[in-house]
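Given next are the chains, with one letter for each unit.
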Amino acid sequence: MEVPRHWRLKKQRYALVGEVCPHCEAKIFPPRDVCPECGGEAKTAYAFSGKGEVYSFTRMGNAPAGFEEQAPYTVALIKLQEGPIVTAQLTDLGNQEVQIGMPVEMVTRKLRSDDGEKGILVYGYKFRPAMAA
Amino acid sequence: MTEKKWSRNVALVGTGMSKFGAFSDKTSRDLFVEAFCDLKNYVDKGFDPKRIEALYLGNFSSDQFEKQAHLAPILASWIGISPVPTMRIEDACASGGVALRQAALAIASGEYDVVLVGGVEKMTDLHIAQVTEALGTAADSQFEIPAGFTFPGFYAAMATAYMAKYDAPKEAFYHVSIKNHKNGALNDNAQYQLTIRQIMESKKERAAIKGRPVPEWEDEMEFLSDPKGNPNIAWPMALFDCSPVSDGAAVALLVAEDLAQEFTDKPLYLIGSGQASDGALPDRETLASIPAAKLAGAQAYRMAGINPEDIDLAEVHDCFTIAEIMASEDLGFFPHGEGWKAAMQGKTARNGDRPINTSGGLKAKGHPVGASGVGQVVEIWKQLHGIAGERQIEGEPRIGLTHNVGGSGQTCVVNIFERRD
């Protein structure tokens, strides 16, 4: 994994920063400067709350390179409160059984380590079961 | 949208394929030559390779799998058709199906009369972890892959959503796997020519020979339900839900309709074709269906002027068992939420009313990704000509459909072929 690839994505990865469309108010993640809803230019930064719910998930028994030490782990599509869906690992599950619709919140964690290559530790968002308010 | 019409029609006058499997002694060139030589067996009036005016090659990633980019001109030279124009089409696992559609469009445009379509992938040189990483580049490598997703993971997340939405049991997936292995067992070109029951029995025998406790699986369903027989890959997708890593090649010869009789008395006609794209998995409107497949299918049916009921058999993209069930719905064979029941009731078996993947599908025939879309056309050719041997379906099938998906549904291409004689 190349250093600039991670560095470019740090705002999105560390703080879940996307965009909001000035024309139709759609919230956009990942940011792409063009609104996928209305097609208008959308460059206004928008920080997502990090709250959402599990939209779907899978329990990975067979981990890809860089994730072996975490296996078995659960990856999910999270529907954020503001609308967009993101892919992320679930964490801090304990014995809790994962279900579609389960409320979750974002935390920043180590995503993977490329020890064999350049020793880069990649940090970014994961989601954990939402704490009671 | 205004109705558009191709400038002229396109016929298929022959297909060929290499055996699919894991061949440490073969490169993609060897596999492609093998498929090309096989083609000559099926163009019944014979043909001079010098008539080929272009090569459209479906190939996902020879650069990652074999450290060989720019593959199309090499393969053209290997079969002696240089200096015709060549191009490699990359749309992940849909590369082959898209190459065929693009070749057909080039003929329809009037630019060429005779075009060779190829598909090839040589995957098994790499270690499995490297294969997973290479295939992962067909997903969103900035946002999906860093979360720890893999392709089995994407389809597993779709399966989770499908099961929840339609109250479908995991057992429905086993029926797809059992059926496709039964079909593959009758296909000499298939990677796995074994039924699930045969695989189960051989595991029992091996345990007995090694003096280990012999598993007490009564039947395929018990075997597939046991993680010792069928380990979890990405729940709910287990080992026997997944297509294998494969080497293989397939070719198809397309010509302008009015030239078809020069090559064969029994051409097939490409009567419908459609293609669509979509964003990565988080950008989809649903996970329980592949929207691009619905769009591609609808375009192909509209062009052909037919309905899903008119399709006699289909080769669909069963990279994972859930994918075949969703395809059977996206293509309109069954209503949404009913595909899993149809699979359990045997409706998609060779003797069912909607045969799907009589070749064994990607599951049993193998999935050399760039070749798969063209390999599907080989089976349609054989079935529509009544030469599929023991796996031939009854009733003189006349119309066959291929459904080829790239990534987790970012690309889908559907082609429909008809026999008219």
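Quick caveat, the model's predicted, so the values are computed rather than measured.

Parameters at a glance
Residues numbered from 1 in each chain as written. Chains lettered and ligands numbered in written order. Predicted model: local features only at pLDDT ≥ 70, side-chain atom pairs only at ≥ 80, totals over all residues. Heavy atoms only, no water. Helix = DSSP H or I, 4+ residues; strand = E, 2+ residues; numbered from the N terminus. Rg over C-alpha atoms; globule rule 2.2 N^0.38 Å. Buried < 20%, exposed > 50% of the residue type's maximum accessible area, 1.4 Å probe, protein only. Areas by Shrake-Rupley, 256 points an atom, 1.4 Å probe, with all protein chains shown as cover. Lys, Arg positive; Asp, Glu negative; His and termini not counted. Charge placed at Lys NZ, Arg CZ, Asp CG, Glu CD. Core = buried A, V, L, I, M, F, W, Y, C linked by side-chain atoms within 4.5 Å. Axes fitted to C-alpha atoms, helices over the stretch in contact; angles between N-to-C directions. Parallel < 35°, antiparallel > 145°, perpendicular 65-115°, else oblique. Contact = heavy atoms within 4.5 Å. Nonpolar A, V, L, I, M, F, W, Y, C, P; charged D, E, K, R; others polar. Pairing = 2+ DSSP bridges. Salt bridge = Lys/Arg side-chain N within 4 Å of Asp/Glu carboxyl O. Buried area = accessible area lost by both parts, 1.4 Å probe. Polar contact = N/O pair within 3.5 Å; in protein donor to acceptor, adjacent residues only side chain to side chain.

Novice: Hey, could you go over the overall build of chain B for me, with residue numbers and the actual values?
Specialist: Summing up its helical and strand segments, chain B has 15 helices and 11 strands in all. In terms of overall size, chain B behaves like a compact globule, its C-alpha atoms giving a radius of gyration of 20 Å where 421 residues would be expected to give roughly 22 Å. In terms of its C-alpha atoms, chain B occupies a principal-axis envelope of roughly 60 × 45 × 45 Å. Taking all 421 residues of chain B together, the buried fraction comes to 63%. Surface accessibility of chain B: about 15,200 Å² in total, with carbon and sulfur atoms responsible for 49%. Within chain B, one finds 40 positive and 55 negative side-chain charges whose respective centroids are separated by 2 Å.

Novice: Lay out the nonpolar core with the relevant residues and their values.
Specialist: Among the nonpolar cores identified, the biggest contains 144 residues, and Leu-116, Tyr-155, Leu-253 and Ile-416 of chain B are the most heavily contacted of them. Take this core: its biggest share by element is 11 residues, from helix H6 (residues 151–166) of chain B.

Novice: Would you mind going over the packing of helix H4 (residues 95–108) of chain B against helix H15 (residues 369–384) of chain B in detail, with residue names and values included?
Specialist: All names here are of chain B. Closest axis-to-axis distance for the H4/H15 pair is 5 Å, and the angle between their directions is 60°. When the axis of H4 is compared with that of H15, the two are oblique. In this structure, H4 uses Ser-95, Gly-96, Gly-97 and Leu-100 to contact H15, whose residues at the interface are Gly-370, Gly-373, Val-374 and Val-377. Taken together, the residues of the contact of H4 with H15 sort by class into 3 nonpolar, 5 polar and no charged.

Novice: Please provide a residue-by-residue account of the pairing of strand S1 (residues 10–17) of chain B, values included.
Specialist: Residues and elements named next belong to chain B. Most of S1 is tucked away: 8 of the 8 residues are buried. By the bridge criterion, 7 bridges tie S1 to strand S7 (residues 247–256) in an arrangement that is antiparallel. Across the sheet, Gly-16 pairs through a bridge with Val-251, a residue of S7. As defined by bridge partners, S1 adjoins strand S8 (residues 268–277) across 3 bridges and the pair is classed as antiparallel. Residue pairing across strands places Ala-11 opposite Tyr-269, the latter belonging to S8.

Novice: Tell me about the sheet that holds strand S4 (residues 114–122) of chain B, residues and numbers included.
Specialist: Residues and elements named next belong to chain B. Taken together, the 9 strands give an open sheet; going across it, the order is S3-S2-S4-S7-S1-S8-S11-S10-S9, and neighbouring strands pair in mixed fashion. With one partner strand each, in any of the chains shown, strand S3 (86–89) and strand S9 (313–315) form the two edges of the open sheet. Across this sheet, the average inter-strand angle for adjacent strands is 25°, counted without regard to direction. As defined by bridge partners, S9 adjoins strand S10 (residues 399–406) across 3 bridges and the pair is classed as parallel. Residue Leu-313 lies in a different strand from S10, and its bridge partner there is Gly-400.

Novice: Requested: an account of the pattern of salt bridges, with residues and values cited.
Specialist: Residues and elements named next belong to chain B. Inspection of the entire model under this criterion finds 21 salt bridges over all chains. Two residues, Arg-284 and Asp-278, come together in a salt bridge whose shortest N-O distance is 3.6 Å. Taking relative accessible area as the criterion, Asp-278 reaches 25% and is therefore assigned partly exposed. For Arg-391, the salt bridge is made with Glu-379, and the minimal N-O distance between the two is 2.7 Å. Of the two residues, Arg-391 is situated in the loop between H15 and S10 and Glu-379 in helix H15; the sequence distance between them amounts to 12 residues. Exposure remark for Arg-391: the relative accessible area of 6% places this residue in the buried category.

Novice: Quick rundown of the interface of chain A and chain B? Include the residues and the values.
Specialist: At the interface, 30 residues of chain A touch 28 residues of chain B. With both sides pooled, the region where chain A packs onto chain B buries about 2,300 Å², and carbon together with sulfur makes up 63% of that total. Looking only at chain A, the three residues that lose the most surface to chain B are Thr-58, Leu-77 and Thr-87 of chain A, adding up to 19% of its buried area. Inspection of the region where chain A meets chain B yields 1 salt bridge. A salt bridge links Arg-32 of chain A to Asp-283 of chain B, with the shortest nitrogen-to-oxygen separation between them at 3.4 Å. Between chain A and chain B we count 12 residue pairs in polar contact (both at pLDDT 80 or more) in total. Of all elements in the fold, only helix H2 (10–15), strand S4 (51–60), strand S5 (73–80) and strand S6 (85–90) of chain A reach the threshold of two or more residues within the side of chain A that touches chain B. Per-element accounting of the side of chain A that touches chain B gives the leading share, 6 residues, to S4 of chain A. Residues that form the side of chain A that touches chain B fall into these classes: 19 nonpolar, 7 polar and 4 charged. Here S4 of chain A pairs with strand S5 (residues 232–235) of chain B via 2 bridges, running antiparallel. Considered in S5 of chain B, the bridge of Met-60 of chain A is made with Ala-234 of chain B.

Geometry only, nothing functional implied.
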